[in-house]
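# Observations on the three-dimensional arrangement
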Amino acid sequence: MIILGIETSCDETALCLLETRQTKTVENDGHKNAMTESNLEYRILGNIVHSQIDLHREYGGVFPALAKREHIKNLPILYKKLLEKNKTEASQIQAIAVTHGPGLEPALWTGIDFARELSSKLSVPLIPVNHMEGHIISTFFESSTPSAKFKELKTVTFPALALLISGGHTEIVGIEKLGSYEILGQTKDDAVGEAFDKVARMLGLPYPGGPEISRLAEEERSAQEMRKEKNRRVIAPISKTASRKPITLPRPMLHSKDLNMSFSGLKTSVLYLLKNIEKENMTEDIRKEIAREFEDSVTEVLVKKTREALENHECKSLIIGGGVIANTHIRQAFEKLSSEYSIPLYLPAKGLTGDNALMIALSGALTPDVPSAQSPLNIKAHGNLSL
Ligand code: KG4
Ligand code: ZN
């Protein structure tokens, strides 16, 4: 089946053409289970992610009305480009999968409207997809590069546990099987990505802040290593009193007895820290140290909560999805955790950490009984859709 994926929940206009085919049918409780991922092979025909970041940067975040205008302008252009580049006729498309939430409603509607019109023109089913389920399923691809050959999806064994960390969400999800989700814990306020973006802004860094903070934090870690090395080489250690007090930030809700998290207080702590530093005393080194301490704090909280979830819930696979898992330090921390627990870890391949249409198309393809009976007109945008 050739499936067109459409994603417009935030500031990326993403479209893709994904071909899937059945390899074997897996028996589950005596019923044929079309939802088991291992019975599908895939071939990426085309994949476009058009980012609006440069336009939103001057607002310091995503500006919904602008996102809507840009999606409306770009969708038909990118769709045409996708078909032309991949020498595909519109008539070859057999289904369309579109994100219907969660996300910015005006942005979601642009994708839904475009998909509805196309599905009626081509007379193909329209499958609504939950964006967060997309982030879970993004980890099933071996790679995001188009290829002529069919590839197998990674085999994920259930029950699984997923940590979803993005600009709008931070949640720990119990997955009994695909389509059956339970939120075990989540942030009570800001999402992790949002905290990265806000702290970056306070430090005078551009949007999106995640990659910027990560860059500074890595520079600080290398500098720290070099300082340690230098100290080892001198016979008398460099006097500690000469240097200033190290910057410390809290680890919010680290010891709460649940799987919930909070990142808004951490952001406020950075704000107070900055207020206490005279402008003329602010140096690049201090900014790097704040970035490193912030990243360490977030990582420690995410790992601790996931560890607790692993300890208390039956789970055979650990899945981490969402834009924040592009972060090298966080990725390494979870690689360590997974080897400590000898549990297979599923992370999105390069190009699939952020928002993309491939994860939406694959979620659509894995939906049991493509809802051909569902009228595209009943598909609506749900800004707060949960799993
Ligand atoms: O999943 P995503 O692309 O969009 C949403 O669904 O929200 O996530 C975007 C978030 C942004 O907040 C961005 O700052 C963050 O992911 N992000 C990162 C990194 N790259 C992107 N956060 C930390 N480190 C990174 N390297
Ligand atoms: Zn996302």
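Definitions and limits used
- Residues numbered from 1 in each chain as written.
- Chains lettered and ligands numbered in written order.
- Predicted model: local features only at pLDDT ≥ 70, side-chain atom pairs only at ≥ 80, totals over all residues.
- Heavy atoms only, no water.
- Helix = DSSP H or I, 4+ residues; strand = E, 2+ residues; numbered from the N terminus.
- Rg over C-alpha atoms; globule rule 2.2 N^0.38 Å.
- Buried < 20%, exposed > 50% of the residue type's maximum accessible area, 1.4 Å probe, protein only.
- Contact = heavy atoms within 4.5 Å.
- Near = heavy atom within 4 Å.
- Polar contact = N/O pair within 3.5 Å; in protein donor to acceptor, adjacent residues only side chain to side chain.
- Areas by Shrake-Rupley, 256 points an atom, 1.4 Å probe, with all protein chains shown as cover.
- 1 Å grid on protein atoms, 1.4 Å probe; cavity = no way out; pocket = protein on both sides within 12 Å on 5 of 7 lines; lining within 4 Å.
- Sits in = over half its atoms within 2 Å of the grid points.
- Nonpolar A, V, L, I, M, F, W, Y, C, P; charged D, E, K, R; others polar.
- Points joined across faces, edges and corners; volume = space filled by probe spheres on them.
- Core = buried A, V, L, I, M, F, W, Y, C linked by side-chain atoms within 4.5 Å.
- pLDDT = per-residue confidence, 0-100.
- Expected span 1.5 Å × (residues − 1).
- Bend = angle between axes of the 7 residues up to and from the residue.
- Phe/Tyr/Trp six-rings, centres within 6.5 Å; stacked < 30°, edge-to-face > 60°.
- Lys NZ or Arg CZ within 6 Å of the ring centre and 35° of its normal.
- Pairing = 2+ DSSP bridges.
- Axes fitted to C-alpha atoms, helices over the stretch in contact; angles between N-to-C directions.

Let's shift gears to the overall build of the chain. Of regular secondary structure, the chain possesses ten helices and 13 strands. The globule rule puts the C-alpha radius of gyration for 387 residues at 21 Å, and the 22 Å found for the chain is close to it. Expressed as a percentage of its 387 residues, the buried residues of the chain come to 52%. Considering only intrachain contacts with a sequence separation of at least 6, the fraction spanning at least 24 residues in the chain is 76%.

Turning our attention to the site of ligand 1. Lining the immediate surroundings of ligand 1 are 19 residues, of which Gly167, Gly193, Asp197, Gly323 and Asn327 lie closest. Contacts to ligand 1 include Gly193, whose backbone N or O atom sits 3.1 Å from an oxygen atom. At 3.1 Å from an oxygen atom of ligand 1 is found a main-chain nitrogen or oxygen belonging to Gly210. Here ligand 1 loses 86% of its free accessible area of 550 Å² to cover by the protein chains. A molecule is said to occupy a pocket when more than half its atoms come within 2 Å of that pocket's grid points, and by this definition ligand 1 occupies the largest pocket. The class makeup of the residues in the shell around ligand 1 is five nonpolar, twelve polar and two charged.

Our next topic: the layout of surface pockets. In this model, the largest pocket occupies a volume close to 1200 Å³. Contributing to the lining of the largest pocket are 41 residues, with Cys10, Ser166, Gly167, Asp197 and Tyr207 lying nearest its centre. Of the residues forming the lining of the largest pocket, the biggest block, six residues, is contributed by helix H5 (residues 192-202).

Another aspect to go through is the nonpolar core. Where a protein is soluble and globular, its nonpolar side chains tend to be buried together. With 46 residues, the main nonpolar core has Ile165, Ile213, Phe263, Phe294, Val298, Leu302 and Ile330 as its most contacted residues. Going through the elements one at a time, strand S9 (160-165), H5, helix H6 (209-233), helix H7 (264-275), helix H8 (284-312), strand S12 (317-321) and helix H9 (328-340) are the ones with two or more residues in this core. Residue contributions to this core peak at ten residues, all from H8. When neighbours within four sequence positions are excluded, Val298 is seen to be in contact with Val192, Phe196, Phe263, Leu266 and Ile330. In terms of nonpolar packing, the next biggest core, distinct from the first, is built from 38 residues, Tyr42, Ala160, Leu164 and Ala357 among them.

With 92% of its residues at a pLDDT of 70 or more, the chain shows a mean pLDDT of 92. For the stretch residues 29-37, pLDDT sits under 50, and the model shows 22 contacts to residues farther than four places along the chain or on other chains. Of the regions scoring below 50 in pLDDT, residues 238-242 engages in one contact with residues more than four places distant in sequence or in other chains.

So, about the environment of Ala90. The topology assignment puts Ala90 in the loop between helix H2 (64-85) and strand S6 (95-101). Ala90 sits in the partly exposed class, given a relative accessible area of 23%. With 294 residues separating them along the chain, Ala90 and Asn384 place their C-alpha atoms 32 Å apart. Not counting residues up to four positions away in its chain, the partners in contact with Ala90 are Tyr79, Leu83 and Leu122.

What follows covers H2. End to end, H2 covers 30 Å across 22 residues, agreeing with the expected 32 Å (1.5 Å per residue, within 8%). At Asn74, H2 shows its maximal bend, which comes to roughly 35 degrees, and the proline Pro76 appears one to four places after that position. For H2, the complete set of buried residues consists of Leu66, Ala67, Glu70, His71, Asn74, Leu75, Leu78, Tyr79, Leu82 and Leu83. Tucked inside the fold, the buried residues of H2 contact strand S1 (2-7), strand S2 (12-22), strand S5 (40-51), helix H1 (53-56) and helix H3 (105-122). Positive phi shows up at Lys87, right after H2, with a value of about 45 degrees.

The next thing to look at is the side chain of Ser338. Mapping Ser338 onto the fold places it in helix H9. Excluding anything up to four places from it in sequence, Ser338 contacts Ile343 and Leu345.

Let us now look at H9. Between its first and last C-alpha atoms H9 spans 18 Å; for 13 residues at 1.5 Å apiece the expected length is 18 Å, and the two agree. When H9 is considered as a whole, its buried residues turn out to be His329, Ile330, Ala333, Phe334, Leu337 and Ser338. Buried residues along H9 sit against S9, H5, H6, H8, S12 and strand S13 (345-346). Regarding H9, its N-cap is Asn327, as a side-chain oxygen of that residue lies 3.0 Å from the backbone nitrogen of His329 further along. The first or second residue beyond H9 is Ser342, which carries a positive phi of 50 degrees.

Before going further, it helps to spend a moment on the packing of aromatic side chains. Summed over all chains, the structure comprises four aromatic pairs. Pairing Phe196 with Phe294 gives two aromatic rings, centres 5.0 Å apart and planes at 85 degrees, and the pair type is edge-to-face. Note that Phe196 is positioned in helix H5 and Phe294 in helix H8, a separation of 98 residues in sequence. Phe196 sits in the buried class, given a relative accessible area of 2%. It is Arg21 that lies over the ring of Phe150; its NZ or CZ is 4.0 Å from the centre.

What follows covers the sheet that holds S5. Overall, mixed pairing links the six strands, which are arranged S7-S6-S1-S2-S5-S8 in an open sheet. Two strands in the sheet have a free side with no partner beyond their single neighbour: strand S7 (126-130) and strand S8 (151-152). Bridge count between S1 and S2: six bridges; the pairing is antiparallel. Bridge pairing in S2 links Ile2 to Glu19. Against the sheet, H3 contacts S1, S6 and S7, and its axis sits at roughly 155 degrees relative to S6.

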